[in-house]
Amino acid sequence: MQLAYDATVFMTDALHEISKTLVETILIVGIVVFLFMGSVRTALVPLVAMPVSLVGAAVVMYAFGFSLNLLTILAIVLSVGLVVDDAIVVVENVERHVREGKTRIQAALVGARELVGPIIAMTITLAAVYTPIGFQGGLTGSLFLEFAITLAAAVVVSGIVAVTLSPVMSSRFVNEQGREGRLSRLVHRGFDSVRRRYERLLDGALEMRWAIVAAAVLVMLAAWPLYQNSRRELAPIEDQSHISLFMQASPDASLEATNRASLQVVKAITAFPEAKFMWSLTASWGGFGGMVAKNWKERKRTTEQMYGPVYAAVSQVPGVQVFPRLDPPLPSPGQYDVELVLASDIPPEQMLQTVGAVMGAGWQSGKFLYVDTDLKIDLPEARVVIDRDQVADLGLDLAGVGRELGTLLGGGYVNRFNYFDRSYKVIPQIGDERRTTVGPLLDLKIKTPSGRLVPVSTFTHIESSTAPRTLNRFQQRNAVRIFGGVKPGVTKEEGLRVLENAAAGAAGPGVGLDYAGESRQIRLEGAALTVTLGFAVVLIYLVLAAQFKSFRDPLIVLVGSVPLAISGALVFSFLDLTTINIYSQVGLITLVGLIAKNGILIVQFANTLQSQGVAKAAALRAASLTRLRPVLMTSAATVFGHLPLVFATGPGSAARNSIGTVLVAGMTVGTLFTLFVVPVFYSLIAAEHRPDTEAALEGLVVEPAMMEEPANA
């Protein structure tokens, strides 16, 4: 006995590959942190925060009963680049105070006090951005609930570590003033050079504020056309080393004929060098099966590249229609890439013209390998018309005639007989050779009450016609399903849109459009995360409004960075480097929280300086220059930490590529905008914070050196 098909092979390989990505991410983040810190001792502070945060997330997973699956491990991979951010900000702030002349203990105390508010705001912001996903219904909510909770737990634990463990470690591991190593001094000089250049660019941006605002507005408005012109799908196609095959035979085909055709399909499939074997189940109506390909490391072509040639090969097999399908990456009840349902109260015969028009549009679009429908009026039907008068003249009755014909043609069980101590069913039926046509039916003889045998042709004649193979209903209405398989490189949403547009033009007023299979998920859940993104932005705004005690400051953070970063990420989907799918949309939601953290650092520190009596313009300039280094360091850790997702290969890589591309592109572009647009928006929107009153509320102490250093740099 041999196992025909084992779907867990793909899952096992995907878990192995994403585990490799996790190791690569941890190593890259560690190297990036070390290079930006310039000291092993200093780099230990954020690096220790990483395993502590991940262990905390694992504890939450265990408490909720989550397993280590593709989505939870993906959440852990993403969190590696996120949990070090807060610790980096803390250790950089402590190091800055040490360079200003404070002792390590003093620097740790002052630095921690300064950052309690921003870290709380950043942690709540990034954790809250996943809250709407937890309340998402349907397949998307079920799949990403564990992902959202795991990632939010890691972020919350990292925030707690940043305000507790990181200051304590910083007071011990940060090098004292004048005792930095050669690499550390080199890194400091490099950042000082970058800050001087940034200072000149920032002054130029603040002098041309309205031009910056106009450019930012244009970039924000570009997000909509970029989104609309990006290809969309439910989830990217994954190479699962398997191609499903669905076979349809003619309605009058025998089991033997279908079996012969299916063996030819097997021969055509196994001729591919990438094929390992093919499994199939055959019935008189057709059957189904699948091509099991070799391991992805042992072949040069992916299943998506093989999809077209496979269809070309099996479409040449006579006697059976074969519809291949690449297995969907998410659970789906359907059998085909696209399944559009036309529901109406119109008889099936009157729907033929509409169905033909829709199918014709599908073929003409050039986006489909095949288009077909379940409305096929080609089932041979023979109607036996009985002459009642003749039956009466022969002394017969209709019930008796029906029983006699049913016994000979129906193949019904009538009795049992014993043969060598075994019991067998008696099923009377005329021979196969006489059942191939309706003509021999008229030669059958029926016994009359007088004992005479008369042929059936004496009192009957046969009328031949065709009927629909099936009469389907959908939500209590007559339904016709039009399905198809899209060509490689064409998304299922594109194919569905072609059929929708054709149906809207060809169908009459009494015909409604509905969806089945994966198409139903695409329409009902494909855009659900876009709405979730809007809820996430609103939630972040409310969180920041409570933290800043202002309705204007959160606008600076969100308007000055979030839509710009989203536009930057959507450029890559517009260029067809990825698609808009549930993974990339989760990446956009994550991007909202990540990019908002940079704006929070600048706005919170500028408000703090204002509360200490510094003028608004001077406070903005000092905050931007002081927070330049932590912004660049945290953004670099996120970008480089997520690069393994962009370049991942193997099983399950398409989903990781999609979310990684969005995060890396969005963070890179968004950070550049944040450094210039947020200060410009702050200068225009932020309120003048009065000294003393807010300082007392914040309970923060800001040294004079903090106000002078950036201004004199």
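This section reports on the structure supplied with the text. Just so you know, these numbers come straight off a predicted model, no measurement behind them. (Residues numbered from 1 in each chain as written. Predicted model: local features only at pLDDT ≥ 70, side-chain atom pairs only at ≥ 80, totals over all residues. Heavy atoms only, no water.)

1. Considering unusual backbone geometry
Turning to step 1, where the next piece is worked out: Its identity is not glycine, yet D421 carries a phi of approximately 65°, on the positive side.
Turning to step 2, where the next piece is worked out: Turning to its location among the elements, D421 is positioned in the loop between β8 (415–419) and β9 (422–426).
Turning to step 3, where the next piece is worked out: Not every positive phi belongs to a glycine, and K549 is a case in point at roughly 55°.
Turning to step 4, where the next piece is worked out: Along the chain, K549 turns up in the loop between α16 (528–548) and α17 (553–559). (Helix = DSSP H or I, 4+ residues; strand = E, 2+ residues; numbered from the N terminus.)

2. Topic: the pattern of salt bridges
Turning to step 1, where the next piece is worked out: One pass over the structure, following the stated rule, counts 23 salt bridges.
Turning to step 2, where the next piece is worked out: One salt bridge in this structure joins E100 and K102, with 3.5 Å as the shortest N-O distance.
Turning to step 3, where the next piece is worked out: In this structure E100 comes out as partly exposed when scored by relative accessible area, which is 24%.
Turning to step 4, where the next piece is worked out: A residue is classified by how much of its surface remains accessible, and K102, at 15% relative accessible area, is buried.
Turning to step 5, where the next piece is worked out: Of the charged contacts, one joins D203 and R621 as a salt bridge, the two residues approaching to 3.0 Å between their closest N and O atoms. Taken together, the positions of D203 in helix α7 (residues 182–207) and R621 in helix α20 (residues 616–626) put the pair 418 residues apart, joining distant regions of the chain. (Salt bridge = Lys/Arg side-chain N within 4 Å of Asp/Glu carboxyl O. Buried < 20%, exposed > 50% of the residue type's maximum accessible area, 1.4 Å probe, protein only.)

3. Focus on the side chain of S567
Turning to step 1, where the next piece is worked out: Relative to the assigned elements, S567 resides in helix α18 (residues 562–574).
Turning to step 2, where the next piece is worked out: At a separation of 2.8 Å, a polar atom in the side chain of S567 contacts the main-chain carbonyl oxygen of V219.
Turning to step 3, where the next piece is worked out: Dropping the residues within four chain positions of it, S567 is found in contact with V219, M220, A222, A223 and L226. (Polar contact = N/O pair within 3.5 Å; in protein donor to acceptor, adjacent residues only side chain to side chain. Contact = heavy atoms within 4.5 Å.)

4. Here's the deal with the sheet that holds strand β1 (residues 242–249)
To summarise the sheet geometry, strands pair through backbone hydrogen bonds and adopt either a parallel or an antiparallel arrangement.
Turning to step 1, where the next piece is worked out: One open sheet holds the 4 strands; their spatial order is β2-β3-β1-β4, and the pairing between them is antiparallel. Only two strands of the sheet have a single partner each, and these edge strands are β2 (275–283) and β4 (320–326). This sheet shows a mean twist of 20° between the axes of neighbouring strands, independent of strand direction.
Turning to step 2, where the next piece is worked out: One ladder, built from 7 bridges, connects β1 with strand β3 (residues 286–293); its direction is antiparallel. Among the inter-strand pairings, H242 is bridged to a residue of β3, identified as V292.
Turning to step 3, where the next piece is worked out: Each of β1, β2, β3 and β4 is contacted by helix α9 (residues 255–270), which is oriented at about 170° to β2, the strand it contacts most.
Turning to step 4, where the next piece is worked out: On the sheet, helix α10 (residues 303–314) packs against β1, β3 and β4 and is oriented at approximately 180° with respect to β4. (Pairing = 2+ DSSP bridges. Axes fitted to C-alpha atoms, helices over the stretch in contact; angles between N-to-C directions.)

5. Focus on the packing of helix α19 (residues 582–611) against helix α22 (residues 653–685)
Turning to step 1, where the next piece is worked out: At their nearest, the axes of α19 and α22 sit 8 Å apart, and the two run at 25° to each other. Classified by the interaxial angle, the pair formed by α19 and α22 is roughly parallel. Helix-helix and strand crossings are classified by hand; for α19 and α22 the assignment is right-handed.
Turning to step 2, where the next piece is worked out: Partitioning the contact of α19 with α22 into residue classes produces 16 nonpolar, 12 polar and no charged. (Parallel < 35°, antiparallel > 145°, perpendicular 65-115°, else oblique. Left-handed = near helix turned anticlockwise from the far one by under 90°. Nonpolar A, V, L, I, M, F, W, Y, C, P; charged D, E, K, R; others polar.)

6. Some thoughts on the side chain of K376
Turning to step 1, where the next piece is worked out: By secondary structure assignment, the location of K376 is in the loop between β6 (368–373) and β7 (379–386).
Turning to step 2, where the next piece is worked out: For K376, the side chain forms a polar contact with the side chain of Q321, separated by 3.0 Å.
Turning to step 3, where the next piece is worked out: Among all residues touching K376, those that are not within four sequence positions of it are Q248, Q321, A467, P468 and R469.

7. Here's the deal with the nonpolar core
Turning to step 1, where the next piece is worked out: F147 and Y583 are the most contacted members of the largest nonpolar core, which has 125 residues in total.
Turning to step 2, where the next piece is worked out: Once you skip the residues sitting within four places of it in the chain, Y583 turns out to touch L71, L74, F144, A235, P236, L330, A655, S658 and I659.
Turning to step 3, where the next piece is worked out: Grouped together as the second largest cluster of nonpolar side chains are 25 residues, F272, A275, M306 and L326 included. (Core = buried A, V, L, I, M, F, W, Y, C linked by side-chain atoms within 4.5 Å.)

8. Topic: the pairing of β2
Turning to step 1, where the next piece is worked out: For β2 and β3, the ladder comprises 8 bridges, and the chain directions are antiparallel. Within β3, the residue paired with F277 across the bridge is V292.
Turning to step 2, where the next piece is worked out: In textbook terms, the turn of a hairpin is the stretch between consecutive antiparallel strands, and for β2 and β3 this stretch comprises 2 residues.

9. What to know about the packing of aromatic side chains
Aromatic ring pairs are defined here through the distance separating the ring centres and the angle between the ring planes.
Turning to step 1, where the next piece is worked out: Counting across every chain of the model gives 16 aromatic pairs.
Turning to step 2, where the next piece is worked out: Between W279 and F288 the ring centres are 6.0 Å apart and the planes differ by 80°, which places this aromatic pair in the edge-to-face class.
Turning to step 3, where the next piece is worked out: Here the aromatic rings of F323 and Y336 are separated by 5.9 Å at their centres, their planes lie at 85°, and the arrangement is edge-to-face. Placement of the pair is F323 in strand β4 and Y336 in the loop between β4 and β5 (338–344), with a sequence separation of 13 residues. In terms of burial, F323 and Y336 fall into one category: buried.
Turning to step 4, where the next piece is worked out: A network of ring pairs unites the aromatic residues F246, Y311, F323, Y336, Y370 and F483 as a single cluster.
Turning to step 5, where the next piece is worked out: Of note, R627 hangs over the ring of F605, and the distance from its end group to the ring centre comes to 4.3 Å. (Phe/Tyr/Trp six-rings, centres within 6.5 Å; stacked < 30°, edge-to-face > 60°. Lys NZ or Arg CZ within 6 Å of the ring centre and 35° of its normal.)

10. With respect to the environment of G439
Turning to step 1, where the next piece is worked out: Among the structural elements, G439 can be located in the loop between β9 and β10 (445–447).
Turning to step 2, where the next piece is worked out: With 23 residues separating them in the primary sequence, G439 and I462 have C-alpha atoms 8.7 Å apart.

11. Considerations on the packing of helix α1 (residues 8–37) against α7
Turning to step 1, where the next piece is worked out: Interaxial distance between α1 and α7 falls to 7 Å at its minimum, and their mutual angle equals 80°. Our classification of the angle between α1 and α7 gives roughly perpendicular. Contacts between α1 and α7 involve F34, L35, F36 and M37 on the former and, on the latter, L183, S184, V187 and F191.
Turning to step 2, where the next piece is worked out: Here the contact of α1 with α7 is built from residues that sort into 7 nonpolar, 1 polar and no charged.

12. Looking at the environment of V680
Turning to step 1, where the next piece is worked out: Among the secondary structure elements, V680 is positioned in helix α22.
Turning to step 2, where the next piece is worked out: Separated by 609 residues in the primary sequence, V680 and L71 place their C-alpha atoms 39 Å from one another.

13. Structural notes on the pairing of β8
Turning to step 1, where the next piece is worked out: Note that β8 and β9 share 5 bridges and pair antiparallel. Each residue of the ladder has a partner; that of N415, found in β9, is V426.
Turning to step 2, where the next piece is worked out: Where β8 folds back onto β9 in an antiparallel hairpin, the turn is made up of 2 residues, including F420, whose phi is positive at roughly 50°.

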